[in-house]
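Chain and residue survey
Residues per chain, in single letters:
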Amino acid sequence: MPWKECHVVDERVRFVRRLLEGEPMSALCQEFGISRKTGYKIFQRYQQIGVRGLSDRSRRPYRHANQLPAAVEALIVRLKRDYPTWGAPKIRERLRHRWPDIPCPAISTVHAVLDRHGLVTHRRRRRRPRMTGTPLTTSTHPNHLWCADYKGEFLLRNQRYCYPLTISDYASRYLLACEALSTTQERYAFSVFERAFQDFGLPDAIRTDNGVPFASAHALYGLSKLAVWWLRLGIRLERIAPGHPEQNGRHERMHLTLKTEATRPAAHNVLQQQMRFDTFVHRYNHERPHQALDMATPASCYTPSARPYQGLEELDYPFHDWTAVVTRCGRICYQRRKINLSQVFAGQKVGVKQTADHIWLVSFMDYDLGYFDDETCRLEPIEDPFGPRLLPMSPE
């Protein structure tokens, strides 16, 4: 049997009908769950208007105490049409000088009047560049793929935040680094990765999310200075899709173990917390059996990379027309004109090659960044430079 629905107007009709039949007001108000004052008000409206008085009335006020007079509103609109480039402050000031006897409205009121009449040009909100993931690979051999991320920050007992930066090997689950940092600034991440490269060699690829310092939403192709450094070292970039941490699930699972065993409770300061992390790294790699490794330890499955870290090689572009060095502002110069690239390439060499009349191609290592023309000198990026590697640069 369906539920019976009732409407407030129907209840008021029943209430009035029973009053007219002679039932006492107090008992009826108590039965319907209303006050006697409300009951008398409903009955008086019925006596004055009839059944129409039992419907809900509009709660809109009869008058607005601070409503702008229509004549003043018309003056504001007229001034805007006379001076279309003026904004609300200038129009208000003009109104105050020309008609000093009229009470001058506030600037916000003038702006509201202009907006109401469609005389305000709204600026388009700049859409934040949406980061996208790259194709992801799987590997069963050590150092083919490393994973890196910051475990969520937590508060130490000295009321300072700790940001653990962790690096692990995808295949063997070997924890390469776990450093307690006070910030996510990339200059500190550089030293952590450089130490890992010196100790274990270079991987073929590194998988991260799209956050700082691994990526930069407003830079060319979402690159960061750290990512450019990895490219210089011959390391491919892998980025998970935004909002999908499960794509780096092995690393995130390690973070859960790290959180349980090394951060609860937190240490007093960064140095003491780093000691806990060092103990955890040794135990995780050498003592803790891993179910995904058939109960072997990560240390028994990991071997250092055959690619040693030897610093950066000098960039050379023999098949390009000329080589440019990106300035600290992220620009290159062409015939005393400036072409904007990105600050993440500051200090790097790029190759420039003419591909057609007045059309030039800008390349970084084996990656083509985009084209610019002689007239606008504005770089037009090329899609997906982090897909399959481009063919070696040809002399044509």
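First, a word on scope: everything that follows refers to the structure included in this document. (Residues numbered from 1 in each chain as written. Predicted model: local features only at pLDDT ≥ 70, side-chain atom pairs only at ≥ 80, totals over all residues. Heavy atoms only, no water.)

**Things to note about the pattern of salt bridges**
- Applying the stated criterion across every chain, the model contains 12 salt bridges.
- Between Arg-96 and Glu-93 there is a salt bridge whose closest N-O contact spans 2.3 Å. In this pair, Arg-96 and Glu-93 both sit in helix H5 (residues 88-98), 3 residues apart, roughly one turn of the helix.
- Among the ionic pairs, Arg-207 bridges to Glu-238, the shortest N-O distance being 3.1 Å. With Arg-207 in strand E5 (residues 205-208) and Glu-238 in strand E6 (residues 236-239), the pair connects residues that are 31 residues apart, well separated along the chain. (Salt bridge = Lys/Arg side-chain N within 4 Å of Asp/Glu carboxyl O. Helix = DSSP H or I, 4+ residues; strand = E, 2+ residues; numbered from the N terminus.)

**Structural notes on the packing of aromatic side chains**
- Evaluated as defined, the whole model comprises 20 aromatic pairs.
- Measuring from centroid to centroid gives 6.0 Å for Phe-197 and Tyr-309, while their planes differ by 40°, and the two rings are tilted. You can see Phe-197 sitting in helix H7 (residues 186-200) and its partner Tyr-309 sitting in the loop between helix H11 (298-301) and strand E7 (322-325), a full 112 residues away along the chain. As far as burial versus exposure is concerned, Phe-197 and Tyr-309 are alike and both buried.
- Arranged with centres 6.5 Å apart and planes meeting at 80°, the rings of Trp-229 and Tyr-309 form a pair that is edge-to-face. With a gap of 80 residues between them, Trp-229 in helix H8 (residues 225-232) and Tyr-309 in the loop between H11 and E7 connect regions that are remote in the sequence. Here Trp-229 matches Tyr-309 in class, with each residue buried.
- One aromatic cluster is present, built from ring pairs that chain together Trp-146, Tyr-150, Phe-190, Phe-193, Phe-197, Phe-214, Trp-229, Trp-230 and Tyr-309.
- Sitting over the ring of Tyr-170, Arg-250 keeps its end group 4.0 Å from the ring centre. (Phe/Tyr/Trp six-rings, centres within 6.5 Å; stacked < 30°, edge-to-face > 60°. Buried < 20%, exposed > 50% of the residue type's maximum accessible area, 1.4 Å probe, protein only. Lys NZ or Arg CZ within 6 Å of the ring centre and 35° of its normal.)

By themselves, these are just geometric observations and shouldn't be taken as functional.
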